[in-house]
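Each chain, written out:
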Amino acid sequence: MAPIDPHSFTDSTHPLTTHVALSLYLDFAISTIHGSAVLSLSAAFSGDLSLDSRSISIRKILDPKTLTPLPFTVSSSPDPIRGTQIVVSLSGHSSLLIVYSTSPSASALQWLSPAQTFSKTQPYVYTQCQAIHARSIFPCQDTPAARIRYDVVMNIPGSLSAVMSARHVRRRQPVPDEARLLDMESRWCGEDRAVEEFTMEQPIPPYLFAFAVGELGFREVGPRTRVYAEAAAGELLDAAAREFAGTEEMIGQGEKLFGDYEWERFDLLVLPPSFPYGGMENPRMVFLTPTVIKGDATGAQVVAHELAHSWTGNLITNTNNEHFWLNEGFTTYAERRIVEVVQGEDRATLNIGIGWRGLVEEMDRFKDNMEFTKLKNNQEGVDPDDVYSQVPYEKGFQFLLRIERQIGRAAFDEFLKKYIDTFKFKSIDTGTFLEFLKANVPGIEKEINLEMWTEGTGIPEDAYEPVSNIYTKIVSLAKEFKQGKMPEEDEVADWNGQEWELYLENLPKSCEPSQILALDKRYMLAESKDYEVKVSFLQLAISSKCREYYGQVEKTLKDVGRMKYLRPLYTALVQPTGGNHEEKLLAKRVFAESRETYHPIAQGVVESILSKHL
Ligand code: BES
Ligand code: ZN
């Protein structure tokens, strides 16, 4: 018995699942999925096979060929991070059939009532499986070391439609036969039900399993791209189609840099405002927060990032979350290469600057827990959602940039192409990457301290703080704020959201409230439609105890569920900065009032922030 992943019960001596056939009945009335899952293993196995699950109730486990029951046990108390272990006794079986139901509190699923949707008339449900939530939708070996293909038959209300990280095969009428295992013939074939079929032919890690069901509409954006959102949100769809018009050019650029696009289609889904991330790279169907659609270049940057995952992350995958930088560091590097071509070098440099700022701040956040300033880190007993940070993104980016600077761009490009081609559809760790690097760039370990970069804490001295006119100018303007100097109108005339974000983030953590008010009076930052700007400003307002803005803080925390905004605002409210009783009460009350509108993952993250300080 040896675990291969600190976040999974999967055992190194067991065969891995290669295919899953799912049959799912979505019951919106009780926020439950009744499902059956046939897991096919890479080899026949005799013994106790362990699977991951979270708040799932198992009805039966059978041999799929004979339908005879297989003995199994469900651990009596769930592990707080990994969930509930299921052990099934197999005797020479190479597949097993599990009949089960999910829980209304399944951590991957957010069920929205009609009132929580744009149209207010139909319900909606969507998934977020990264890092370890797929196990709350179906029992599985929920580790990125196990790559699965899948076929899905999804029974949904006839007034809705479904999208998935998979190829849509067809929509059809339900037939009674397929409901037998679930014991629900009459409901399965209800007049108002429809079945959608999907198939995923490429092997992917379970965290990339994704679907959304609602009253969806779409616009065509490019030859292999549509953008989907709630059909009633027509203006949002139009704005999204405009915002993402350059997607095909970016795919082309990605192919030039990293090799063929292997996933056939690249569709986008704009989710309701409670979506907990900016974007999620679900293959063939990237998920996006609606907050990225604001009519500037940054929406396309998020798409560039999720697109870049088509190579780094989805083709080559970290073997477990301790090597998460292999996903996000490479993707941040790839994203910036795409942005550099389609939006110009200045934009790319500004992004490096914002990233640098973020990295420096994480060093402060983790000053008592330096383990999480390492690229490769120990996550035994650690919830990946709690330690999510910019470190894997920005330190990972810096590491790759360091190599690029050492060997030159042309050589690094060639190396990247070969790396992707060598390891595509594989899950690898930091050691495998380093071996490949040393084999293909002989002598690199003499030029760069690879061990310090991947296993050391903090920011290495040979990291690269960007220099560009605009970056340097903004940072020095921010320094002058302390002496009571605000930027002049002509200095900010051509600033957009990202420039403001960089400026605000470089201001001292706590300022004179009168200065904050004056800054806002002049530049209307608290009212910004750009959430990055608004949240940076509100964070500063909180840490400066500028209480005039607490109404805006409350509204923001209630309007959007993106964790990039929830984390800093709740953290600023509860951080012990002396005499913040009022702020703590505000945090507690707002969370109590908005909790139900957040995705379960965001609920957990906010809970963990509040529990540290309340
Ligand atoms: N894969 C991540 C999102 C993620 C990470 C979900 C870890 C769950 C656990 C995605 O590619 C991402 O990095 N999104 C960023 C946007 C990007 C432009 C940096 C985000 O959501 O902010
Ligand atoms: Zn990413």
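Residues numbered from 1 in each chain as written. Chains lettered and ligands numbered in written order. Predicted model: local features only at pLDDT ≥ 70, side-chain atom pairs only at ≥ 80, totals over all residues. Heavy atoms only, no water.

Colleague: Just to check I follow, could you spell out the overall build of the chain for this structure?
Modeller: Of the regular secondary structure elements, the chain holds 20 helices and 19 strands. Against the globule reference of 25 Å for 614 residues, the chain gives a C-alpha radius of gyration of 24 Å, in line with a compact fold. In terms of principal-axis extent, the alpha carbons of the chain reach across some 80 × 60 × 50 Å. Buried positions account for 61% of the 614 residues belonging to the chain. Within the chain, counting contacts between residues at least 6 apart in sequence, those at least 24 apart form 73% of the total. Counting every atom, the chain has about 23,500 Å² of accessible surface; 51% of that belongs to carbon and sulfur. (Helix = DSSP H or I, 4+ residues; strand = E, 2+ residues; numbered from the N terminus. Rg over C-alpha atoms; globule rule 2.2 N^0.38 Å. Buried < 20%, exposed > 50% of the residue type's maximum accessible area, 1.4 Å probe, protein only. Contact = heavy atoms within 4.5 Å. Areas by Shrake-Rupley, 256 points an atom, 1.4 Å probe, with all protein chains shown as cover.)

Colleague: Sorry if this is basic, but what is going on with the coordination of the zinc ion (ligand 2) here?
Modeller: Four donors placed tetrahedrally about a metal ideally form angles of 109.5 degrees, and six donors placed octahedrally ideally form angles of 90 or 180 degrees. Those protein atoms acting as donors to the zinc ion (ligand 2) are His305 (NE2), His309 (NE2), Glu328 (OE) and Glu328 (OE), and they sit at 1.9 to 2.7 Å. For the zinc ion (ligand 2), the six donor atoms are set out with angles of 53 to 158° between them, so the coordination reads as irregular. Counting the intervening residues between successive donors of the zinc ion (ligand 2) yields the motif H-x3-H-x18-E. Of this pair, histidine 305 sits in helix 4 (residues 298-308) while glutamate 328 sits in helix 5 (residues 325-343), placing them 23 residues apart in sequence. Its relative accessible area of 9% is what places histidine 305 among the buried residues. For glutamate 328, a relative accessible area of 2% gives the class buried. (Donors = N, O, S within 2.8 Å, 3.2 Å for Na, K, Ca; no water. Tetrahedral: all angles 85-135°; square planar, octahedral: opposite > 155°, others 65-115°.)

Colleague: For this particular structure, what's the right way to read the sheet that holds strand 16 (residues 279-280)?
Modeller: Strand pairing within a sheet occurs via backbone hydrogen bonds; the two strands may be parallel or antiparallel. Spatially, five strands are ordered 13-14-15-17-16 in an open sheet, and the strand pairing comes out mixed. Every interior strand has two partners, whereas the edge strands, strand 13 (216-222) and strand 16, have only one. Note that strand 15 (residues 267-270) and strand 17 (residues 285-288) share four bridges and pair parallel. When the sheet's bridge partners are listed, leucine 269 is paired in strand 17 with phenylalanine 287. (Pairing = 2+ DSSP bridges.)

Colleague: Looking at this structure, how should I read the site of ligand 1?
Modeller: Of all residues adjacent to ligand 1, which total 16 residues, the nearest are Gln130, Gly278, Glu281, Glu306 and Tyr393. Glutamate 306 is positioned with one of its side-chain polar atoms (N or O) 2.7 Å from an oxygen atom of ligand 1. Counting residues per element, the shell around ligand 1 draws most heavily on helix 4, which supplies three residues. When the residues that make up the shell around ligand 1 are grouped by side-chain class, the tally is six nonpolar, six polar and four charged. (Near = heavy atom within 4 Å. Polar contact = N/O pair within 3.5 Å; in protein donor to acceptor, adjacent residues only side chain to side chain. Nonpolar A, V, L, I, M, F, W, Y, C, P; charged D, E, K, R; others polar.)

Colleague: Even after reading the chapter, I still don't get unusual backbone geometry, so can you show me in this structure?
Modeller: Generally, phi is negative for residues other than glycine and the peptide bonds are trans, each holding for most cases. The peptide bond linking glutamine 130 to alanine 131 adopts the cis configuration, its omega dihedral lying at 0°. Examined against the element boundaries, alanine 131 turns out to sit in the loop between strand 7 (124-127) and strand 8 (148-157). For glutamate 264, which is not a glycine, the phi torsion comes out positive at approximately 70°. Along the chain, the position of glutamate 264 falls in the loop between helix 3 (247-258) and strand 15.

Colleague: What is the right way to read the nonpolar core from this model?
Modeller: As a rule of thumb, soluble globular proteins bury nonpolar side chains together. Formed by 181 residues in total, the largest nonpolar core has its most connected members in Leu26, Phe211, Phe244, Phe433, Tyr503 and Tyr570. Among all residues touching phenylalanine 211, those that are not within four sequence positions of it are Leu24, Leu26, Ile33, Leu109, Val125, Tyr126, Thr127, Ile137, Met154, Val163, Met164 and Phe287. (Core = buried A, V, L, I, M, F, W, Y, C linked by side-chain atoms within 4.5 Å.)

Colleague: Would you mind showing me how to read the pattern of salt bridges here?
Modeller: A pair can form between side chains of opposite charge whenever their charged atoms are brought close. Counting across every chain of the model gives 47 salt bridges. Aspartate 530 serves as the salt-bridge partner of lysine 294, at 3.0 Å between the closest nitrogen and oxygen. With a gap of 236 residues between them, lysine 294 in the loop between strand 17 and helix 4 and aspartate 530 in the loop between helix 15 (513-523) and helix 16 (531-543) connect regions that are remote in the sequence. Exposure remark for lysine 294: the relative accessible area of 23% places this residue in the partly exposed category. The closest approach of N and O atoms between glutamate 491 and lysine 473, which form a salt bridge, is 3.3 Å. Of this pair, glutamate 491 sits in helix 13 (residues 489-492) while lysine 473 sits in helix 12 (residues 469-480), and the two are 18 residues apart along the sequence. Overall, the relative accessible area of 22% leaves glutamate 491 in the partly exposed class. Since its relative accessible area comes to 39%, lysine 473 is described here as partly exposed. It is possible to trace a salt-bridge network through shared partners that takes in Arg170, Arg172, Glu178 and Glu197. (Salt bridge = Lys/Arg side-chain N within 4 Å of Asp/Glu carboxyl O.)

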